[in-house]
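Breakdown of the fold
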Amino acid sequence: MARVFNFSAGPAVLPEEVLAEAAAEMFDYKGTGMSVMEMSHRSKAYQQIIDEAEADLRDLMNIPDNYKVLFLQGGASQQFAMIPMNLMVNGVADYIVTGQWAKKAYQEAQKYGKANAVASSADKTFSYIPDCSDLPISEDADYVYICENNTIYGTKYHTLPNTKGKILVSDVSSCFLSEPVDVTKYGMIYGGVQKNIGPAGVVIAIIREDLIREDVLPCTPTMLQYKIHADNGSMYNTPPCYGIYICGKVFKWLKKMGGLEAMKAINEKKAKVLYDFLDSSKLFKGTVRKEDRSLMNVPFVTGNEELDAEFVKAATAAGFVNLKGHRTVGGMRASIYNAMPIEGVEKLVAFMKEFEASHT
Ligand SMILES: *Cc1c(COP(=O)(O)O)cnc(C)c1O
C-alpha cells in the first residue's frame, strides 16, 4: 500500500480506517449480499444508513431539534442559487466578500434580488477577514451571508459577524466538523462534503425550520426547494447514497476520535506545527494576517515563482502531493483537514526545512 501525504484542498484526504471499512463492505454490506452502491435507497438497510448518519451528525454538532439536516446534491455552488431562491423573501440580502466562493455566491444572488456587498477584503487579495462588528446591514435584509473558512486564501472568521439581528447563512465547506460550532447562531449552515467529510457529490444543509417555506421565489425548480427535501427526509429523489454512507462512517470516526472538541485540539496542534515553522523560516512565509489564519488551509510562498514551482515538484517526488496553490493565487497551499495525520504535517515541515537549507 503506497499512500501519499495528500494536501489537496478537495476532494481531499479521508481517514484510512474509513476507507478500509468501506473496502471490506464493498461486495457485501452487512450480509445484504450487495454493495451500498447497488442498494435501493428505499430499502431498510439504506434507511438505517441515512438515519444513523443524521443522528451521528446531530450528536457531533449538537444540532437543536428545530433545525433540519438535509443531504443534497449539486455541490456547494448549487447553494449559491438555492439560498436566495428560498430565503430572499424581501428580495434583499447582505454578503461579506472574503474570497472567490463568497464572491460567486454574491454574484449568483444578484440574479434573484438585491444583493449588497457590505464588506470585502478584496483590497488585500483576501488575505484577511474584515472587521464585521458594525457593518451597514440593510434594514430589510433577509439574511447575512458569509463564507466562514476561505479555502483558497486560507482565512477563517474567528468571530462571527454582528448581523444586527438578521439571520446568518454560512458556507462551512472547508471547516465543516473541524471544531465545535454553536448552531443556534445561524439560520443556515451548509457545505460540500468533499473538503473535510466525504466524497464529492453530497452537500449537507442544516437549516432552522422556520426558514423552510413554501412561498419561495416563483419558478424555483422543485429540486431546489428546501421544503421538498425536508418533507421527504432527503429522499424526494434518489439521494447520493454511497456518498452519504461514507459521510456516516466519517461521523462515527469523529465520534471515536472524541468529537469536535477533541478535533479542534488536534487541528490546532497540527496547524501550529506548520505556522510556527512559517513564522521562523527565512525562505517560506504565510500569506494571511495572523489573527485570521485558517486551521484547515495554509497558503504560503517563497516570494519567487520559480522557486515555488521547484518546491512543489520536489515535494511531490518526496510523497507530499497537491501542494500547489489555487490556480488564481499561485504559491503553495497545504490543506490539513481532519483526516490529515499530524505526522503528515511534521514530515512536511521537516522536508521544507531541508529544502530551505539547500536553497538559502
Ligand atoms: C470548494 C468550495 C465550494 C465549491 O464547492 P463545489 O461543491 O465544487 O460546488 C464552495 N465554497 C467553499 C468554501 C469551498 O471550499
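Below you will find a few notes about this structure. Note that the structure is predicted; figures quoted are calculated from it, not measured.

**A look at the packing of helix α3 (residues 75–87) against helix α4 (residues 100–109)**
Following both chains from N to C, one finds α3 and α4 inclined at 40°, their axes separated by 9 Å at the closest point. Here α3 lies oblique to α4, going by the angle between them. Here α3 runs over α4; the crossing is right-handed. Taking contact as the criterion, the partners of S77, F80, A81 and P84 in α3 are, on α4, W101, K104, A105, E108 and A109.

**Thoughts on the sheet that holds strand β14 (residues 332–335)**
Strand order in the open sheet formed by 3 strands is β11-β12-β14, and the pairing between neighbours is antiparallel. Strands at the two margins of the open sheet, each flanked by one partner only, are β11 (285–286) and β14. For strand β12 (residues 297–301) and β14, the ladder comprises 4 bridges, and the chain directions are antiparallel. Note that in β14 the partner of V298 across the bridge is A334.

**Here's the deal with the site of the ligand**
Lining the immediate environment of the ligand, one finds G75, A76, S77, F80, W101, C147, N149, T151, D171, S173, Q194 and K195. In the model, an oxygen atom of the ligand is placed 2.4 Å from a nitrogen or oxygen of the T151 side chain. At 2.5 Å, a side-chain N or O of K195 approaches an oxygen atom of the ligand. Partitioned by chemical class, the residues of the shell around the ligand number 4 nonpolar, 6 polar and 2 charged.

**Considering unusual backbone geometry**
Of the consecutive residues G10 and P11, the connecting peptide bond is found in the cis state with omega at -15°. Of note, F126 is a non-glycine position whose phi angle comes to about 55°, a positive value. Within the secondary structure layout, F126 lies in the loop between β4 (114–120) and β5 (144–147). A relative accessible area of 9% places F126 in the buried class. Located in the positive-phi region is S234, a residue other than glycine, with phi close to 60°. Residue placement: S234 occurs in the loop between α5 (226–231) and α6 (241–256). Since its relative accessible area comes to 4%, S234 is described here as buried.

**Let's talk about the nonpolar core**
Side chains of nonpolar character tend, in soluble globular proteins, to be buried together. By size, the foremost hydrophobic cluster in this structure holds 86 residues, and its most contacted members are M61, I204, I206, F284 and F311. The leading source of residues in this core is α6, at 10 residues. Here this core spans two domains, since at least three of its residues come from each of domain 1 (17–256) and domain 2 (259–359). Among residues more than four places away in sequence, those in contact with I206 are M61, I63, Y67, K68, V69, F176, V183, G187, M188 and I189. Grouped together as the second largest cluster of nonpolar side chains are 32 residues, A76, F80, L87 and F126 included.

Parameters and conventions
Residues numbered from 1 in each chain as written. Predicted model: local features only at pLDDT ≥ 70, side-chain atom pairs only at ≥ 80, totals over all residues. Heavy atoms only, no water. Axes fitted to C-alpha atoms, helices over the stretch in contact; angles between N-to-C directions. Helix = DSSP H or I, 4+ residues; strand = E, 2+ residues; numbered from the N terminus. Parallel < 35°, antiparallel > 145°, perpendicular 65-115°, else oblique. Left-handed = near helix turned anticlockwise from the far one by under 90°. Contact = heavy atoms within 4.5 Å. Pairing = 2+ DSSP bridges. Near = heavy atom within 4 Å. Polar contact = N/O pair within 3.5 Å; in protein donor to acceptor, adjacent residues only side chain to side chain. Nonpolar A, V, L, I, M, F, W, Y, C, P; charged D, E, K, R; others polar. Buried < 20%, exposed > 50% of the residue type's maximum accessible area, 1.4 Å probe, protein only. Core = buried A, V, L, I, M, F, W, Y, C linked by side-chain atoms within 4.5 Å. Domains from an automatic or database assignment.

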